[in-house]
Amino acid sequence: MSKDIRIKKGLDIKLVGDAEHIIAEAPLSKVYAVMPEDFHGIIPKLIAKEGAEVKVGEALFHSKNDERILFPSPVSGKVTEIVRGARRKVLAIKIATNKTQKHQDFGIKDVSKMSSEEVKNHLFASGCWPFIKQRPYDVVANPNQVPKAIFVSAYASAPLAADLDFTLKGREIELQTALSAIAKLTDGVVHVSIDKDSISSPFANLKDIQIHKVSGPHPVGNVSTQIAQIDPINKGEVVWVVTPQDLVIIGELLLTGKFNAQRTIALTGSQFKKPQYIKAFVGATISDLVTENLDTENTRIISGNVLSGKQVNEDGFLGYYDNQITAIPEGNDYELFGWNKPIFNKISTSRALTFSWLNPKKKYDLNTNTNGEHRAFVVTGSYEQVFPLDIYPMQLLKACMYKDLDEMEALGAYEVAPEDFALTEFICVSKQPHQKIIREGLDVMREELG
């Protein structure tokens, strides 16, 4: 039975720079990169060496802990550089592209005739397994565990997020194929959450899933919010999470036998001259995606959304899981007595000399200025206003900071991911890095408790 989800706690951050419903084709970049740090918790073991020629879908490296989990090249070409950091840690594998793209053939599959083990093995061989993440810990799923359910959030509520109904339009066949396949990997239900007001969701008439309609402010689109409302995680339980754009890649693989890591990317933010959508492959060079469309003066480029994305330079690369690039002004200016005068051009949950609550539909051109420096972690009671999970956010953050595993378990750490604390970090008067704290806490739990 479907369950509609409506939350009241949260905060919609309305920014200037929504992408127009126009899709352009990005040129093929000269260089692509796959960065192991995009796959948190994975220790890479290289397969491809410098100078090797690789096809689209051919494995570049595998997980040290499980050789079945492969990570493929998004393009065909020559491996030109293995970028390493401290202690020879692999930071990136760069591939110079060929003019003609050659694909590794994984074979067309009839999902209706495949067993769960065959589906799993095909996802391993094709490098599509990393698209499946797990809760707890928000890492690439452990294939040796059976999830009690699988969740897909088909509604993005983050600031300037891509319109999934638009980007997935016409991909119903691929989505249905992928959903029918991953449904074989669980004894439970595949839960798909869509916008309550959507009139053209590509998931609306699909089979093998249970639809839930969601409404309310951000973070209603976060999958943790949906899991907590539909089927909460208890100790010892595991659920898997797949994003809609990754379902399309899996579905196309099964239908055509080819790994096609092309996404529809939203270029958003006030620093873009023409915010729009483009088609590009994961790992593309940022400069090739934003060329002639970006005001580069005093600009911060983010691979992802403004709350949980990663800062990149123009010579950086699109994140493996990202379907959004955001560009906003760099906040390197400071206001004299900015704390002691009425504020009309910023968003605040407080009504002390701030007036954004008077016009909730107004869009703002915010910059990256944190309006303060790191300071003592004080109790304000404000986090609970924007945190919809039945968890004490302040207490969990502090338990993660002093690494008390018993407290972290009791306070619900199994249910959360770093992105769930993006809003509390945004409104934090202490300027604490909430997402980093949660990530480190989850890593300690995973290491100690497995």
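In case you missed it, the structure is sitting above this.
What you see is a predicted model, and the numbers here were worked out from it, not measured in a lab. (Residues numbered from 1 in each chain as written. Predicted model: local features only at pLDDT ≥ 70, side-chain atom pairs only at ≥ 80, totals over all residues. Heavy atoms only, no water.)

Undergrad: Explain the overall build of the chain to me, please; I cannot follow it from the model alone.
TA: Looking only at helices and strands, the chain has eleven helices and 20 strands in total. Rg of the C-alpha trace for the chain: 22 Å, near the compact-globule value of 22 Å for 450 residues, within the 12% margin. For the C-alpha atoms alone, the extent of the chain along its principal axes is close to 65 × 50 × 50 Å. In the chain, of all internal contacts separated by at least 6 residues, the share reaching a separation of at least 24 is 69%. Carbon and sulfur atoms form 49% of the exposed surface of the chain, whose accessible area is close to 20800 Å². (Helix = DSSP H or I, 4+ residues; strand = E, 2+ residues; numbered from the N terminus. Rg over C-alpha atoms; globule rule 2.2 N^0.38 Å. Contact = heavy atoms within 4.5 Å. Areas by Shrake-Rupley, 256 points an atom, 1.4 Å probe, with all protein chains shown as cover.)

Undergrad: Which parts of the structure should I look at to understand the environment of Glu384?
TA: Looking at the secondary structure, you find Glu384 in helix 7 (residues 383-386). Placed 64 residues apart in sequence, Glu384 and Glu448 show a C-alpha to C-alpha distance of 29 Å. Once you skip the residues sitting within four places of it in the chain, Glu384 turns out to touch Lys9 and Pro393.

Undergrad: Would you mind going over the pattern of salt bridges with me for this structure?
TA: Opposite charge on two side chains makes pairing possible when the charged atoms of those side chains draw close. Summed over all chains, the structure comprises 18 salt bridges. Between Lys148 and Asp231 there is a salt bridge whose closest N-O contact spans 2.9 Å. Here Lys148 is found in the loop between strand 11 (139-140) and strand 12 (149-153), whereas its partner Asp231 is found in the loop between helix 4 (223-230) and strand 15 (239-241), with 83 residues between them in sequence. With a relative accessible area of 24%, Asp231 lands in the partly exposed category. Of the charged contacts in the structure, one is a salt bridge between Asp443 and Arg439, with a shortest N-O distance of 3.5 Å. Of the two residues, Asp443 and Arg439 both sit in helix 11 (residues 434-449), four residues apart, roughly one turn of that helix. Using a relative accessible area of 14% as the deciding quantity, one classes Arg439 as buried. Through salt bridges that share partners, Arg135, Asp138, Glu419, Arg439 and Asp443 make up one connected network. (Salt bridge = Lys/Arg side-chain N within 4 Å of Asp/Glu carboxyl O. Buried < 20%, exposed > 50% of the residue type's maximum accessible area, 1.4 Å probe, protein only.)

Undergrad: Where do I start with helix 4 in this structure?
TA: In an α-helix, one turn spans 3.6 residues, which is why side chains three or four residues apart end up on the same side. Extensive coverage of helix 4 is indicated by the burial of six of its eight residues. Those residues of helix 4 lying buried are Val223, Ser224, Thr225, Gln226, Ile227 and Ile230. The inward-facing, buried residues of helix 4 contact strand 1 (5-6), strand 10 (133-135), strand 12, strand 13 (190-195), strand 14 (210-215) and strand 15.

Undergrad: Which parts of the structure should I look at to understand the sheet that holds strand 6 (residues 59-63)?
TA: The pairing of strands in a sheet comes from backbone hydrogen bonds and takes either a parallel or an antiparallel form. Here three strands make up an open sheet; going across it, the order is 4-6-7 and the pairing antiparallel. Strands with a single pairing partner mark the edges of an open sheet, and in this sheet they are strand 4 (44-46) and strand 7 (70-72). Ignoring strand direction, the axes of neighbouring strands in this sheet form an average angle of 35°. Looking at chain direction, strand 4 and strand 6 are connected through three bridges and run antiparallel. Following the sheet pairing, Leu46 is matched in strand 6 by Phe61. (Pairing = 2+ DSSP bridges. Axes fitted to C-alpha atoms, helices over the stretch in contact; angles between N-to-C directions.)

Undergrad: Before we go on, may I ask you to explain unusual backbone geometry in this structure?
TA: Leaving glycine out, the prevailing phi sign among residues is negative, and the prevailing peptide bond configuration is trans. The omega angle of the peptide bond from Arg135 to Pro136 is 10°, so this bond is cis rather than trans. Relative to the elements of secondary structure, Pro136 occurs in the loop between strand 10 and strand 11. Here the residue pair His218 and Pro219 is connected by a cis peptide bond, since its omega of 20° sits within 30 degrees of zero. Within the secondary structure layout, Pro219 lies in the loop between strand 14 and helix 4.

Undergrad: Would you mind going over the side chain of Ser224 with me for this structure?
TA: Among the structural elements, Ser224 can be located in helix 4. Residue Ser224 is classed as buried on the basis of its relative accessible area of 2%. There is a polar contact of 2.3 Å between the side chain of Ser224 and the side chain of Arg135. Discounting residues that sit within four places of it in the chain, Ser224 has contacts with Arg135, Leu389, Glu415, Val416, Ala417 and Asp420. (Polar contact = N/O pair within 3.5 Å; in protein donor to acceptor, adjacent residues only side chain to side chain.)

Undergrad: Could you clarify how one ought to interpret the packing of helix 8 (residues 393-401) against helix 11 in this entry?
TA: A pair of packed helices is characterised by two quantities: the angle between their axes and the separation of those axes. For the pair helix 8 and helix 11, the least separation of the axes is 8 Å and the interaxial angle reads 60°. Between helix 8 and helix 11, the angle is such that the two are oblique. The handedness of the crossing between helix 8 and helix 11 comes out as left-handed. For the pair helix 8 and helix 11, the contacting residues are Leu396, Leu397, Cys400 and Met401 in the first and His434, Ile437, Ile438 and Gly441 in the second. For the contact of helix 8 with helix 11, a count of residues per class yields six nonpolar, two polar and no charged. (Parallel < 35°, antiparallel > 145°, perpendicular 65-115°, else oblique. Left-handed = near helix turned anticlockwise from the far one by under 90°. Nonpolar A, V, L, I, M, F, W, Y, C, P; charged D, E, K, R; others polar.)

Undergrad: Sorry if this is basic, but what is going on with the pairing of strand 8 (residues 77-84) here?
TA: Both faces of the sheet carry side chains from a regular strand, because those side chains alternate between them. Sheet topology places strand 5 (residues 53-54) next to strand 8; two bridges connect them, and they run antiparallel. Note on strand 8: the bridge partner recorded for Glu53 is Lys78. Following strand 8, the chain reverses through five residues before pairing antiparallel with strand 9 (residues 90-97); Arg87 in that reversal takes a positive phi of roughly 55°.

Undergrad: Would you mind going over the pairing of strand 13 with me for this structure?
TA: Counting buried positions over the six residues of strand 13 gives five, a clear majority of the element. Bridge count between strand 12 and strand 13: four bridges; the pairing is parallel. By the bridge assignment for strand 13, Val152 is matched with Val192. Sheet analysis places strand 13 next to strand 14, joined by five bridges and oriented parallel. Looking at the pairing, Ser193 lines up with His212 of strand 14.

Undergrad: Would you mind going over the packing of helix 3 (residues 172-182) against helix 5 (residues 244-256) with me for this structure?
TA: Two elements in contact, helix 3 and helix 5, have axes separated by 7 Å at closest approach and are oriented at 90°. When the interaxial angle is binned, helix 3 and helix 5 end up roughly perpendicular. On the side of helix 3, the interface is formed by Ile173, Glu174, Leu175, Thr177, Ala178, Leu179, Ala181 and Ile182, while helix 5 contributes Pro244, Leu247, Val248, Ile250, Gly251, Glu252, Leu254 and Leu255. Among the residues forming the contact of helix 3 with helix 5, the class breakdown is twelve nonpolar, two polar and two charged.

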